[in-house]
Every structure is written in structure tokens, then in C-alpha cells.
Amino acid sequence: MHNPNRPLISSAAAGISGIALALIGAPWWLTALAFTCFALALLVTAIQSVFPQDSAHRLAWWRARWNHQQRG
């Protein structure tokens, strides 16, 4: 779990290094699977940070996008 007093990047780095240490000597397919899951988690996090998740904010985002497209 993320500690709010600790930057997220340091938590991620600690988790990645722990996984890397655990995968030493593991079969290549297990290592590939672990890093594929990590890449998917990063993609989901990036999408969630770009697109607002709160309903009121989501509605405002879509309205602004619609208005921008109508002007262009």
C-alpha cells in the first residue's frame, strides 16, 4: 500500500527492485510475464491519470472536449 508521506516513485522503485530480485534465476517466460503485467499496470495508471474518474469531472472533461471539437 502506498504511504502518502513517501513519493510514489520511490514506492514503485522498491517494488520493482523486489520483483527483480525475486525473478533472478526464474524461467524467461515468468520474467516476461511479470514485466508484461507491470507494463499493463503502468498503462492503466497513465490512463487513469489522464482521464478524470470523478463523475462531475468526467462530465466536464467530455463537455470541454465536445466544445473543442465543435470549434475546430
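Residues numbered from 1 in each chain as written. Predicted model: local features only at pLDDT ≥ 70, side-chain atom pairs only at ≥ 80, totals over all residues. Heavy atoms only, no water.

> So what exactly am I meant to see when it comes to the overall build of the chain here?
Secondary structure summary: the chain contains three helices and zero strands in total. Along the chain direction, N to C, the helices and strands of the chain fall in the order α-α-α. When the accessible surface of the chain is totalled, it reaches about 6200 Å², and 69% of it is carbon and sulfur. (Helix = DSSP H or I, 4+ residues; strand = E, 2+ residues; numbered from the N terminus. Areas by Shrake-Rupley, 256 points an atom, 1.4 Å probe, with all protein chains shown as cover.)

> Teacher, can you tell me more about the environment of Ala34 here?
Here Ala34 lies in helix α2 (residues 28-50). Since its relative accessible area comes to 25%, Ala34 is described here as partly exposed. As a C-alpha pair, Ala34 and Leu23 span 11 residues in sequence and 8.6 Å in three-dimensional space. (Buried < 20%, exposed > 50% of the residue type's maximum accessible area, 1.4 Å probe, protein only.)

> Help me out: how do you make sense of a nonpolar patch on the surface in this one?
A cluster of nonpolar side chains, namely Leu40, Leu43, Ile47, Val50 and Phe51, defines an oily patch on the protein surface of about 460 Å² accessible area. Structurally, the position occupied by Phe51 is in the loop between α2 and α3 (55-71). (Patch = residues over 30% accessible without salt bridge, like charges linked within 9 Å, V, L, I, M, F, W, Y side chains within 5 Å. Salt bridge = Lys/Arg side-chain N within 4 Å of Asp/Glu carboxyl O.)

> Even after reading the chapter, I still don't get the packing of aromatic side chains, so can you show me in this structure?
Aromatic rings in a pair are described by how distant their centres are and how their planes are angled relative to each other. Under the counting rule described, the total for this entry stands at one aromatic pair. Relative to Trp62, the ring of Trp61 lies with its centre 4.7 Å away and its plane at 85°, an arrangement referred to as edge-to-face. (Phe/Tyr/Trp six-rings, centres within 6.5 Å; stacked < 30°, edge-to-face > 60°.)

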